[in-house]
Amino acid sequence: MPGYLRYTYALDDRELERLRRDLSARNQTLFEVEKTPCKVLDPKLPVAYALPEAWNQGSCRRRGSWYRQSEKAGKYIVGSAFRLEGFPGGTVINEANFSPPRLPGREEQLELIRSEVYQSEKPDDWEKVESLEVMELYKDFKSMGTREIPALIKRLKPLGLRGLAKATILFREIFVTNCANHANFLDPRYLVEENGEKIPYSISNNTLFLCSACAEIFDIVGSKFPTKLVVPCLGAAIYGTMEVNRYYRVEKLK
């Protein structure tokens, strides 16, 4: 069986309509996804697109801030099982046989967050986390967590924290990694080199500790690097059916 293969594009209104006509002429359907842009990554959909508004709702409301301040803002994100000839830009995504040579510890993650590039480029809404989101994520972490999550919860037990207080402390632990991960694609300190090309990679190989990996997959964050090695977040795994805890190679189309 072939491995994962997906192409992504950011198209304006005219380009999307041209794509719709091209597909219709070949008796193919252009699907509109609901709820989350991550769904366009699902290989079961031959060609699918997400509305710009999808980045403003539900779980994407805060995370979508990366899209809203990017040059792709207002465009339709398209995912395809095959290359769309005649359409500009885009990325191609494949499974990668990659193991990171080094992953940062907590102090090193904090150093990434202190990067001037990250501090100047992060969207204002990215760090505005609402209590409801924290509680929802806490429930997800408890039900889907690997051994790291119970270990974090156990560390909090002597503090006597309950409810939102416990969820907030746990979220802060994970949110540091969320922020540091984006920082590493903006101003990489954890990368590999191939033929002189610098390739940044996700600073955690645990899906539960990552957030909005779509920003890297759709070339919204780290766009100055032609190649990235990205571990999917929960959204990409649940809605895009990408494999958890593994690296994917994301390359700009030439």
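Before reading further, recall that the structure is shown in the block above.
This write-up is about the structure you can find in this document. Remember, predicted model here, so these are calculated numbers, not experimental data.

**So, the packing of aromatic side chains**
This model, assessed by the stated rule, comprises nine aromatic pairs. Ring geometry for Tyr-49 versus Tyr-76: centroids 5.9 Å apart, planes at 75 degrees, classification edge-to-face. Taken together, the residues span a long stretch of sequence, with Tyr-49 in strand β3 (residues 47-50) and Tyr-76 in strand β4 (residues 76-80) at a distance of 27 residues. Under the relative-accessibility criterion, Tyr-49 is labelled buried at 6%. Judged by its relative accessible area of 13%, Tyr-76 is buried. Judged by centre distance (6.2 Å) and plane angle (80 degrees), the ring pair of Trp-55 and Phe-218 falls under edge-to-face. Highlighted residues: Trp-55 in the loop between β3 and α2 (60-63) and Phe-218 in the loop between α9 (214-217) and β8 (227-230), separated in sequence by 163 residues.

**Section: the side chain of Thr-177**
Locating Thr-177 in the fold gives a position in helix α8 (residues 163-186). A distance of 2.9 Å separates a polar atom in the side chain of Thr-177 from a polar atom in the side chain of Gln-109. Ignoring sequence-local partners within four residues, the contact set of Thr-177 consists of Arg-106, Gln-109, Ile-203, Ser-204 and Phe-209.

**Describing helix α4 (residues 106-113)**
Every buried residue of α4 is accounted for by Gln-109, Leu-112 and Ile-113. Buried residues in α4, looked at end-on, bunch into an arc of 100 degrees, giving them a common side.

**Things to note about the sheet that holds strand β5 (residues 91-95)**
Spatial strand order, β2-β3-β4-β1-β5-β9-β8: seven strands in an open sheet with mixed pairing. Each edge of the sheet is formed by a strand with only one pairing partner; in this case those strands are β2 (31-32) and β8. As paired strands, strand β1 (residues 5-11) and β4 are joined by five bridges and run antiparallel to one another. Each residue of the ladder has a partner; that of Ala-10, found in β4, is Ile-77. Seen against the sheet, helix α1 (residues 13-25) touches β1, β3 and β4 and runs at an angle of roughly 135 degrees to β1.

**Things to note about the nonpolar core**
By size, the foremost hydrophobic cluster in this structure holds 51 residues, and its most contacted members are Ile-217 and Phe-218. Counting residues per element, the ones that place at least two in this core are β3, α3 (65-68), α4, α8, α9, β8 and β9 (248-252). The dominant element in this core, judged by the number of residues it contributes, is α8, at seven residues. Formed by 15 residues, the second largest nonpolar core is a distinct cluster that contains Tyr-9, Leu-19, Leu-30 and Tyr-49.

**Brief notes about the pattern of salt bridges**
With the rule as written, the count across this model stands at 14 salt bridges. When the shortest N-O distance is used, the salt bridge between Glu-17 and Arg-20 registers 3.4 Å. Of this pair, Glu-17 and Arg-20 both sit in helix α1, three residues apart, which is roughly one turn of the helix. The residue Asp-42 makes a salt bridge to Lys-44 at a minimum N-O spacing of 3.3 Å. A residue is classified by how much of its surface remains accessible, and Asp-42, at 1% relative accessible area, is buried. Relative accessible area serves as the criterion here: at 61%, Lys-44 is assigned to the exposed category. Salt bridges sharing partners connect three or more residues here, namely Lys-39, Asp-42 and Lys-44.

What counts and how
Residues numbered from 1 in each chain as written. Predicted model: local features only at pLDDT ≥ 70, side-chain atom pairs only at ≥ 80, totals over all residues. Heavy atoms only, no water. Phe/Tyr/Trp six-rings, centres within 6.5 Å; stacked < 30°, edge-to-face > 60°. Helix = DSSP H or I, 4+ residues; strand = E, 2+ residues; numbered from the N terminus. Buried < 20%, exposed > 50% of the residue type's maximum accessible area, 1.4 Å probe, protein only. Polar contact = N/O pair within 3.5 Å; in protein donor to acceptor, adjacent residues only side chain to side chain. Contact = heavy atoms within 4.5 Å. Arc of directions from axis to C-beta. Pairing = 2+ DSSP bridges. Axes fitted to C-alpha atoms, helices over the stretch in contact; angles between N-to-C directions. Core = buried A, V, L, I, M, F, W, Y, C linked by side-chain atoms within 4.5 Å. Salt bridge = Lys/Arg side-chain N within 4 Å of Asp/Glu carboxyl O.

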